[in-house]
Amino acid sequence: MTSRLIRTGMAQSSVRIVTEVHDEPHIEGRRVTVRRIQGLVEGAGKSAEEVADQLDLDVADVYGALQYYHSHPDEMAAAERQRAEREAAAREAGAVSLSELKGDEGA
């Protein structure tokens, strides 16, 4: 397990990022990955406050995760590659996505 303490800004609050679940960086004690937080803020255009409310996190956790994401590009790229490989293996084994399941319900 990797654990890194991230200091956010001038405040003394801190966010601990670990890799004990999902084998990718996430908020300690939560199953919320750094990649998910980054996707919601930067990919979906939600504010840090919206994401914090949605995921029941402190806003500092959201900013800490974003800082971690941008401070560790190689690690985050490796996590994305591993996710894509697991997804491809699952699809080869016959798994379908949630959106495909929802589409099948209406048929």
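Things to note about the packing of helix 2 (residues 48–55) against helix 3 (residues 59–71)
Moving on, step 1. Packing of helix 2 against helix 3 leaves a shortest axis separation of 8 Å and a crossing angle of 115 degrees. On the basis of the axis angle, helix 2 is roughly perpendicular to helix 3. The two elements helix 2 and helix 3 meet at a crossing, and its hand is right-handed. From helix 2, Ala-48, Glu-49, Val-51 and Ala-52 reach across to helix 3, where they touch Val-59, Val-62 and Tyr-63.

Description of the pattern of salt bridges
Moving on, step 1. Considering all chains together, one arrives at five salt bridges under this definition.
Moving on, step 2. The partner of Arg-83 in a salt bridge is Glu-80, with the nearest N and O atoms 2.6 Å apart. Note that Arg-83 and Glu-80 are positioned in helix 4 (residues 73–92) at a spacing of three residues, about one turn of the helix.
Moving on, step 3. Across the salt bridge formed by Arg-83 and Glu-87, the nearest N and O atoms sit 2.6 Å from each other. With Arg-83 and Glu-87 both in helix 4, this residue pair falls four residues apart, about one helical turn.
Moving on, step 4. Assessed through its relative accessible area of 23%, Arg-83 is described here as partly exposed.
Moving on, step 5. Salt bridges here are not isolated pairs; linked through shared partners, they connect Glu-24, Arg-35, Glu-80, Arg-83 and Glu-87.

Notes on the nonpolar core
Moving on, step 1. Core analysis: the biggest nonpolar cluster contains 18 residues, and Ile-37, Val-51, Leu-55 and Val-62 have the highest contact counts within it.
Moving on, step 2. When contributions to this core are tallied by element, the ones reaching two or more residues are strand 2 (14–18), helix 1 (34–43), helix 2 and helix 3.

Topic: the packing of helix 1 against helix 3
Working note: a packed helix pair is described by the angle between its axes plus the distance between those axes.
Moving on, step 1. The contact between helix 1 and helix 3 brings their axes to 9 Å, and the two run at 100 degrees. With respect to helix 3, the axis of helix 1 lies roughly perpendicular. Across the interface between the two elements, Val-34, Ile-37, Gln-38, Val-41 and Glu-42 of helix 1 pack against Val-62, Ala-65, Leu-66, Tyr-68, Tyr-69 and His-70 of helix 3.
Moving on, step 2. Across the contact of helix 1 with helix 3, the residue classes tally to eight nonpolar, two polar and one charged.

Some words on helix 1
Moving on, step 1. Of all the residues in helix 1, the buried ones are Val-34, Ile-37, Gln-38, Leu-40 and Val-41. Looking straight down helix 1, one finds its buried side chains confined to an arc of 165 degrees; they lie on one side.
Moving on, step 2. Buried residues along helix 1 sit against strand 2, strand 3 (26–27), helix 2, helix 3 and helix 4.
Moving on, step 3. Trailing helix 1 by a residue or two, Gly-45 shows a phi angle of about 75 degrees, which is positive.

Considerations on the side chain of Gln-38
Moving on, step 1. Structurally, Gln-38 can be placed in helix 1.
Moving on, step 2. Its relative accessible area of 15% is what places Gln-38 among the buried residues.
Moving on, step 3. If sequence neighbours within four positions are ignored, Gln-38 has contacts with Gly-43, Leu-66 and Tyr-69.

What counts as what
- Residues numbered from 1 in each chain as written.
- Predicted model: local features only at pLDDT ≥ 70, side-chain atom pairs only at ≥ 80, totals over all residues.
- Heavy atoms only, no water.
- Axes fitted to C-alpha atoms, helices over the stretch in contact; angles between N-to-C directions.
- Helix = DSSP H or I, 4+ residues; strand = E, 2+ residues; numbered from the N terminus.
- Parallel < 35°, antiparallel > 145°, perpendicular 65-115°, else oblique.
- Left-handed = near helix turned anticlockwise from the far one by under 90°.
- Contact = heavy atoms within 4.5 Å.
- Salt bridge = Lys/Arg side-chain N within 4 Å of Asp/Glu carboxyl O.
- Buried < 20%, exposed > 50% of the residue type's maximum accessible area, 1.4 Å probe, protein only.
- Core = buried A, V, L, I, M, F, W, Y, C linked by side-chain atoms within 4.5 Å.
- Nonpolar A, V, L, I, M, F, W, Y, C, P; charged D, E, K, R; others polar.
- Arc of directions from axis to C-beta.

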